[in-house]
Amino acid sequence: MTASIKRIAISTGGGDAPGLNAVIRSVVLAAAQRGWECYGIREGFNGILLPDRYPHNGVTRLTADQVRGIGHLGGTILGTTNHGNPLRFATTMPDGSVQEINRSADIHAYLKKMDIDALVCIGGDGTLTIAHALHLQGLRVVGVPKTIDNDLDKTFTTFGFDTAVSFATECIDRLHSTAESHQRIMVVEVMGRYAGWIALHSGIAANAHAILIPEIPYDPEKIATMIKRRDENGRNYSIVLAAEGALAVNGLPMLQAAATAGHVERLGGIGERLAHDLQTMTGKEARAVVLGHLLRGGSPTAFDRLSAMRFGAAAVRALDEGHSGIMVALAFPNVNYVALEEVAGRMKAVPMDSDTLQTGRDIGICFGD
C-alpha cells in the first residue's frame, strides 16, 4: 500500500516560462485541500545543494496566502536555473578545477530529514530527466511539462508556448509596416533551441515570407530567390523568421557559447548571419531583430494559465492516487499521465507531415529547401 502523504515539495528548473506561478499556485491550493503541507525549493535544486546562497532558507513553506494573486504573473516566485543539474553538479575541487559531481543523494537526504514525502518537478527535458533519475532512486516524483519551446514529447503542448507564440506574432506584425516603409528585409530570430515550433507557429500566424526551422536545413540562395521574386512582383520587402537553431545545408547551428561544466551550450547569432548573407545576395538593406528572452517574460495567456493550473492540480491528484515517475500531459480534452521514462532525454521536433507545416507550404511560405 502506498504510504500517505503529508508534505510535498515543488521545484521549478530550467528556463523560466509564463505560467510557472500558476502551476505553483494550483499545486499549493490542491495540496491544501487534502491537508498536505507544501514547500518550495529555490532555483531548481540550488536551495538544497547551495544553502549558503539563501540566508533566509533555500526551502520555504508555501501557504495559500503566499500564492494568492500570483497566477497571472510571469516568472516564478521560487526562482529557477538551468545551471544546477544535481546529476552533474558543477563543483570546485581543492585544486581549483571544476568537475561535475552527482549530488542526487544530497537531495534524498534533505527531503528525508524534512519529512517531505514527494516532489512535484516542473520543467523541460533537462528537469524531467533529473526527475526520472530521482524516481529511479526511490523518490516519489511527478513531473509537470514546462517550456516555451514546446519540444517535450508525449504532451500536445506545454504551458508557456502559447504566450511565446502570441508575443512573437505581435512583434512580427509590427515589423511588417516598418519593413514595407523602408523596403527592407527584416530577419527575426526567435528562441526554440533545436525545435522549430515557435518559429513555425508565429511565422504562419504573422504572415512571414520565409520560415527557417532546425528540422529543415535551408539554402540561403533559395531565400534570396524568393526575395527577388517578391521585388519583381512589386512587394519590395520581406520578413524572414529564423529559429535560433536553424542551420544551413551542410552547416552547423550557430552558438553564442559552447557547453562547459554545469552549463549547456547557448544558441544565437543566426539572425545577424542571415541578414548579412541576404543583403549581400540581394543588394537590399537587411536588418536583424532578436526577440530572445522577450518571449519568456510577461503574463501568460489565458490558455497557458488554464493549462498550468490543470497541470498543477493533476500533479497533486496523481500523487494522491499513488502514482510516481510520471508526467502529467495534455491530451485533449483531458490531462493524462505518461511515464517519465517515455519523456526523459527525448525531444519533440516538428514532424515533416505536420499539418501546420503543410499549411505554410500550401500558402507559399518559403522554408529554404
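Residues numbered from 1 in each chain as written. Predicted model: local features only at pLDDT ≥ 70, side-chain atom pairs only at ≥ 80, totals over all residues. Heavy atoms only, no water.

**Observations concerning the pattern of salt bridges**
- A full pass over the atoms with the stated rule returns twelve salt bridges.
- The residue R88 makes a salt bridge to E100 at a minimum N-O spacing of 2.9 Å. Taken together, the residues span a long stretch of sequence, with R88 in the loop between β3 (59-62) and β4 (89-92) and E100 in strand β5 (residues 98-101) at a distance of twelve residues.
- For E100, a relative accessible area of 33% puts it in the partly exposed group.
- Among the salt bridges present, the one from R361 reaches D369, with a minimum N-O distance of 2.7 Å.
- The exposure class of R361 is partly exposed, given its relative accessible area of 33%.
- D369 sits in the partly exposed class, given a relative accessible area of 44%.
- In this structure, a network of salt bridges that share partners links the residues R184, E285 and R287. (Salt bridge = Lys/Arg side-chain N within 4 Å of Asp/Glu carboxyl O. Helix = DSSP H or I, 4+ residues; strand = E, 2+ residues; numbered from the N terminus. Buried < 20%, exposed > 50% of the residue type's maximum accessible area, 1.4 Å probe, protein only.)

**Some details on a nonpolar patch on the surface**
- Where nonpolar side chains cluster on the molecular surface, the patch consists of F156, F303 and F332 and spans about 310 Å² of accessible area.
- With respect to the element layout, F156 can be found in the loop between β7 (141-145) and α5 (161-182). (Patch = residues over 30% accessible without salt bridge, like charges linked within 9 Å, V, L, I, M, F, W, Y side chains within 5 Å. Areas by Shrake-Rupley, 256 points an atom, 1.4 Å probe, with all protein chains shown as cover.)

**Quick notes on the packing of helix α6 (residues 197-205) against helix α10 (residues 355-362)**
- Put simply, α6 and α10 touch, their axes get as near as 10 Å, and they point 40 degrees apart. The angle between α6 and α10 places the two elements in the oblique class. The element α6 and its partner α10 pack so that their crossing is left-handed. Residues L200, H201 and I204 of α6 form the contact with α10, whose participating residues are T356, L357 and G360. (Axes fitted to C-alpha atoms, helices over the stretch in contact; angles between N-to-C directions. Parallel < 35°, antiparallel > 145°, perpendicular 65-115°, else oblique. Left-handed = near helix turned anticlockwise from the far one by under 90°. Contact = heavy atoms within 4.5 Å.)

**Structural notes on the packing of aromatic side chains**
- All chains considered together, the criterion is met by two aromatic pairs.
- Centre to centre, the rings of F156 and F332 are 4.8 Å apart; their planes meet at 65 degrees, and the pair counts as edge-to-face. With F156 in the loop between β7 and α5 and F332 in the loop between β14 (326-331) and β15 (334-339), this pair connects stretches of sequence that are 176 residues apart.
- When the ring of F159 is compared with that of F311, the centres are 6.4 Å apart and the planes differ by 50 degrees; the resulting orientation is tilted. Placement of the pair is F159 in the loop between β7 and α5 and F311 in helix α9 (residues 302-320), with a sequence separation of 152 residues. Both residues of the pair, F159 and F311, belong to the buried class. (Phe/Tyr/Trp six-rings, centres within 6.5 Å; stacked < 30°, edge-to-face > 60°.)

**Comments concerning the pairing of β5**
- Two strands pair when backbone bridges link them, and β4 and β5 are joined in this way by four bridges, in the antiparallel orientation. Residue T91 lies in a different strand from β5, and its bridge partner there is Q99.
- The antiparallel hairpin formed by β4 and β5 contains five residues in its connecting segment, where G96 sits at a positive phi of about 95 degrees. (Pairing = 2+ DSSP bridges.)

**Some remarks on the sheet that holds strand β10 (residues 238-243)**
- Ordered by their spatial adjacency, four strands build an open sheet running β9-β10-β8-β13, and the pairing between neighbours is parallel. Every interior strand has two partners, whereas the edge strands, β9 (210-212) and β13 (286-290), have only one. Adjacent strand axes in the sheet meet at a mean angle of 20 degrees when their direction is disregarded.
- With six bridges connecting them, strand β8 (residues 185-190) and β10 associate as parallel partners. Each bridged residue has a counterpart across the sheet, and for V187 the counterpart in β10 is V240.
- The sheet strands contacting α6 are β8, β9 and β10, and the helix crosses β9 at an angle near 170 degrees.

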